[in-house]
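The chain contents come next:
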Amino acid sequence: MFIAFEGIDGCGKSTLLQLIAERLRAEGRDPLCVREPGSTPLGERVREALLDPATGELTAWTEVCLFTACRAEMVWTQIRPALDAGRDVLLDRYFYSTLAYQAYGQGADLEATWKLQLEAVEGLLPDLVLLPDVTEEVATARRRDGDDRMEAKGRDFLARVRVGFMELARKDAERWCVLDGAAAPEVVAAAGWDAVTAKM
Ligand code: TYD
């Protein structure tokens, strides 16, 4: 199984990923858990630059290219080998984040961004996308540490990103499962696990 976890900052997707990973391990499976941007030497370095407020403003396409470069590297060095070896892969953000943040959020052309994503990953789509959905208000209230460069873009930006995720989910409803991210972590995880087992 290749499962992507998506959603706005503070929606709880990383906690959900950990809980789903635990359930898979309890079933005797050995999931590879990776995050974007990151999880390769290049990815971690670019992640630092992208999240550092000192980097300042970047154009939407600069961000698209940087996130996508990290993604291509990760797909080829980590994800494909793991899937080929028969392992499950749990991915904290995939190219849907680029569509939501850089296209819906920042105005990069949606069609062109889609095209680039499919090229970069050679059409590798996840079996399932889990989207814990919360309002911008709930997400912002949950974040305790200071804002990184992406989080400093503000609440209106986050609202556009959230609409983007919901639209992506609506257009590909077979692959996506929208969860109530405002519920308790175990409740979100139980609903997420139902979606996982339905695909197994
Ligand atoms: P994330 O790892 O979820 O942040 P955190 O460690 O704070 O939980 O994601 C990093 C940020 O990068 C997040 O604000 C979303 C953003 N992002 C994009 O804008 N485009 C992308 O393609 C990806 C993968 C992330």
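Residues numbered from 1 in each chain as written. Predicted model: local features only at pLDDT ≥ 70, side-chain atom pairs only at ≥ 80, totals over all residues. Heavy atoms only, no water.

Caption draft 1: Inspection of the state of the cysteines at higher detail. Here the structure, examined in full by the defined rule, presents zero disulfides. Not part of a disulfide, Cys11 finds its nearest cysteine sulfur in Cys177, a span of 13 Å. The closest cysteine sulfur to the non-disulfide-bonded Cys65 is located on Cys70, 11 Å from its own sulfur. Its relative accessible area of 43% is what places Cys65 among the partly exposed residues. (Disulfide = S-S within 2.5 Å. Buried < 20%, exposed > 50% of the residue type's maximum accessible area, 1.4 Å probe, protein only.)

Caption draft 2: Local environment of the site of the ligand. Taken together, the neighbourhood of the ligand is formed by 15 residues, with Asp9, Arg47, Arg93, Thr98 and Gln102 sitting nearest. For the ligand, whose unbound accessible area comes to 550 Å², protein coverage reaches 87%. Listed by contribution, the elements that provide at least two residues to the shell around the ligand are helix H2 (41-51), helix H3 (60-84) and helix H4 (95-104). The leading source of residues in the shell around the ligand is H4, at four residues. Taken together, the residues of the shell around the ligand sort by class into four nonpolar, three polar and eight charged. (Near = heavy atom within 4 Å. Areas by Shrake-Rupley, 256 points an atom, 1.4 Å probe, with all protein chains shown as cover. Helix = DSSP H or I, 4+ residues; strand = E, 2+ residues; numbered from the N terminus. Nonpolar A, V, L, I, M, F, W, Y, C, P; charged D, E, K, R; others polar.)

Caption draft 3: Region of the structure containing helix H1 (residues 13-26). Taking 1.5 Å per residue as the helical rise, H1 with its 14 residues ought to reach 20 Å, and the 20 Å between its terminal C-alpha atoms agrees with that figure. Those residues of H1 that fall on the buried side of the exposure criterion are Lys13, Leu16, Leu17, Ile20, Ala21 and Leu24. Buried residues of H1 fall within an arc of 135 degrees about the axis and therefore sit on the same side. Those residues of H1 hidden inside the fold are in contact with strand S1 (2-5), strand S2 (32-35), strand S3 (89-92), strand S4 (128-133), strand S5 (176-180) and helix H8 (185-199). (Expected span 1.5 Å × (residues − 1). Arc of directions from axis to C-beta. Contact = heavy atoms within 4.5 Å.)

Caption draft 4: Spatial organisation of the pattern of salt bridges. The tally for this structure, following the rule as stated, stands at 15 salt bridges. Here Asp147 ties to Arg143 by a salt bridge, and the two come within 3.5 Å at their closest N and O atoms. You can call Asp147 partly exposed: its relative accessible area is 42%. Among the residues examined, Arg143 registers a relative accessible area of 16% and is labelled buried. Of the charged contacts, one joins Arg143 and Glu151 as a salt bridge, the two residues approaching to 3.8 Å between their closest N and O atoms. Overall, Glu151 belongs to the buried group, its relative accessible area being 15%. Taken together, the shared-partner salt bridges in this structure form one network comprising Glu63, Arg149 and Lys153. (Salt bridge = Lys/Arg side-chain N within 4 Å of Asp/Glu carboxyl O.)

Caption draft 5: Expanded view of the packing of aromatic side chains. Applying the stated criterion to the full structure yields nine aromatic pairs. On the basis of an interplanar angle of 70 degrees and a centroid distance of 6.4 Å, the ring pair of Tyr94 and Tyr96 is categorised as edge-to-face. Through successive ring pairs, a cluster of aromatic residues spans Phe2, Tyr94, Phe95, Tyr96, Trp114 and Trp176. (Phe/Tyr/Trp six-rings, centres within 6.5 Å; stacked < 30°, edge-to-face > 60°.)

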